[in-house]
Amino acid sequence: MAIATPSAAKAVKPAVKPQDPRFSAGPTRKRPGWTLDALSDAALGRSHRSALGKAKLKEVIDLTREVLQVPDDYRIGIVPASDTGAVEMAMWTMLGERPVIVAAWENFGQAWVVDAEKQLPLKDLTLLTADYGKLPDFSAYDGSQDLVFTANGTTSGVKVADYDFIPNDREGVTICDATSAVYAQELPWEKLDVVTYSWQKVMGGEAAHGMIILSPKAVERLESYNPPWPLPKIFRLTKGGKLIEGIFTGATINTPSLLCAEDHLDALNWAKANNGLQGMHDRADANAQAIWDWVAQRDWIANLCEVDAQRSNTGVCLKIVDPRVAAMSDDDQAAFAKSIVTLLSDENVALDFGAYRTAPPGFRLWVSGLTPLSDVQAVLPWLDWAFETQIAKFNKEA
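Here the structure is a predicted model, which means the values were calculated and not measured.

1. Digging into the overall build of the protein chain
Secondary structure assignment for the protein chain yields ten helices and 14 strands. The C-alpha atoms of the protein chain give a radius of gyration of 22 Å, which matches the 21 Å a tight globule of 398 residues would have. Here the C-alpha coordinates of the protein chain stretch approximately 75 × 50 × 30 Å along the principal axes. Split into buried and exposed, the 398 residues of the protein chain put 57% on the buried side.

This is how it looks when you write it as structure tokens:
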């Protein structure tokens, strides 16, 4: 028997679309006003070892330090293989000296669990895990262990809101995958020894390049500890027991794309010209709040994150809670959510915003500091329209 529901005729199609429909969580959209002209000064066809090539890469590092407000005694390096390469570089070069805790509560954090549990022969390993929408209990960490964790769960919309569980006088090193938090959430540098992220996740850059930021404690670990397993060339940060300083001045481990470097410089310069780091934080906060306020006024959708203070302001993850949808099988719930994603994609309103494949059925909207608030505000009525349209079809077919 069909369930009474608004008819498709009452699902009034909005008149205003977002100017940019790209809400993908990575690669993310470019900064407002970006065109190919932004790359006109790229050092194309030049060696990354040339004076010009090294100058461009050093400019990326120097501007990163300035915009991100990285402490002067922290090293910043450009590394291959995106954020994944940067995290694994830290894990494979630093872990094994003392007990290790790996915390994960979504898909990408689970990748570090696999590395620690299945790939690295770690003798003393503790795993802290939680379901989508929740944070694990960090109370097992007391500072004596090495810690690997994500600052923001890209596929769950949950962030670490309070870093006080990390002692400033810790003995172990902390390795923080911050790829969807950096430039949008405050990073307490005194509590983080390794911070990693990718250009394409947070600043709309092109793929394959990652950043690794090392505290003095992390450098000390690298120079005093030799892991018992072989290290691929792209993971090696030391030579003869000393840090390879060139990596942190623009002499990269492998050949980087100077076209991608130019693109990242453009994004950093845009952020600098638009109130810097605080501006990036403020815009992400305003964008996420617009979605949260909208969700609070609706009963068909909810935040995937269960604790308000832990909700991500970059990848906002939502789940469909309407009882008609909740009564469907798991496969049908996923198909229903996908039908909304497809409908809005066909309308060129919102692209690539479906929930991650292993997350509960719903949506993931990337709304960091490169996203205009007007685009976020414009997409929300379309979500209502798409839901009403699709639930009316379900009602008719039922």
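Next comes the rest of the description.
2. Section: the environment of W189
Residue position: W189 is located in the loop between β7 (174–177) and β8 (194–198). In the structure, W189 is positioned 25 residues away from L214 in sequence and 9.9 Å away in space, judged by C-alpha atoms. Sequence-distant contacts of W189, that is, excluding residues within four places in its chain, are made with L68, Q69, V70, P71, Y74, V195 and I213.

3. Quick look at the sheet that holds strand β13 (residues 315–320)
The sheet built from three strands is open, its strands ordered β12-β13-β14 with antiparallel pairing. For this open sheet the edge positions go to β12 (301–303) and β14 (362–366), each flanked by a neighbour on one side alone. This sheet shows a mean twist of 30° between the axes of neighbouring strands, independent of strand direction. Strand direction decides the pairing type here: β12 and β13, joined by three bridges, are antiparallel. Counted as the bridge partner of N303 is L318 from β13. Sheet strands touched by helix α7 (residues 276–296): β12, β13 and β14. Its angle to β13, the strand with the most contacts, is close to 15°. On the sheet, helix α9 (residues 330–346) packs against β13 and β14 and is oriented at approximately 40° with respect to β14.

4. Examining the sheet that holds β7
An order of β1-β9-β8-β7-β4-β2-β3 is seen for the seven strands of this open sheet, with the pairing classed as mixed. Here the strands that pair on one side only, and so sit at the sheet edges, are β1 (75–80) and β3 (125–129). Across the sheet, the mean angle from the axis of one strand to that of its neighbour is 15°, orientation sign disregarded. Sheet topology places strand β4 (residues 146–150) next to β7; four bridges connect them, and they run parallel. Bridge assignment links F149 to a residue of β7, and that residue is C176. The strands touched by helix α5 (residues 216–224) are β1, β4, β8 and β9 (209–214); relative to β9, the strand with the most contacts, the crossing angle is about 95°.

5. Thoughts on the pattern of salt bridges
Taken as a whole, this structure holds 19 salt bridges when the rule is applied. D266 is the salt-bridge partner of R31, the closest N and O atoms lying 2.9 Å from each other. Pair noted here: R31 is in the segment before α1 (51–68) and D266 is in helix α6 (residues 258–273), with a separation of 235 residues, a long-range link. With a shortest N-O distance of 3.4 Å, R98 and E171 are connected by a salt bridge. Here R98 is found in the loop between α2 (82–94) and β2 (100–104), whereas its partner E171 is found in the loop between β6 (158–159) and β7, with 73 residues between them in sequence. You can call R98 partly exposed: its relative accessible area is 24%. For E171, a relative accessible area of 52% gives the class exposed. Because the salt bridges share partners, they merge into one network encompassing D20, R22, R29 and D375.

6. A look at the packing of α7 against helix α10 (residues 373–397)
For any two helices packed against each other, one specifies the crossing angle of their axes together with the interaxial distance. For the pair α7 and α10, the least separation of the axes is 9 Å and the interaxial angle reads 25°. Here α10 runs roughly parallel to α7, going by the angle between their axes. Relative to α10, the crossing made by α7 is right-handed. Residues A286, N287, A290, I291 and W294 of α7 touch α10, and the partners they reach there are L373, V376, L380, L383 and D384. Considering only residue class, the contact of α7 with α10 consists of eight nonpolar, one polar and one charged.

7. Describing the confidence of the model for the protein chain
Looking at the protein chain, pLDDT values average 95 and 97% of them are 70 or higher. Across residues 1–9 the pLDDT falls below 50, and counting only partners more than four positions away or on other chains, this stretch makes 13 contacts in the model.

So, how was this worked out
Residues numbered from 1 in each chain as written. Predicted model: local features only at pLDDT ≥ 70, side-chain atom pairs only at ≥ 80, totals over all residues. Heavy atoms only, no water. Helix = DSSP H or I, 4+ residues; strand = E, 2+ residues; numbered from the N terminus. Rg over C-alpha atoms; globule rule 2.2 N^0.38 Å. Buried < 20%, exposed > 50% of the residue type's maximum accessible area, 1.4 Å probe, protein only. Contact = heavy atoms within 4.5 Å. Pairing = 2+ DSSP bridges. Axes fitted to C-alpha atoms, helices over the stretch in contact; angles between N-to-C directions. Salt bridge = Lys/Arg side-chain N within 4 Å of Asp/Glu carboxyl O. Parallel < 35°, antiparallel > 145°, perpendicular 65-115°, else oblique. Left-handed = near helix turned anticlockwise from the far one by under 90°. Nonpolar A, V, L, I, M, F, W, Y, C, P; charged D, E, K, R; others polar. pLDDT = per-residue confidence, 0-100.

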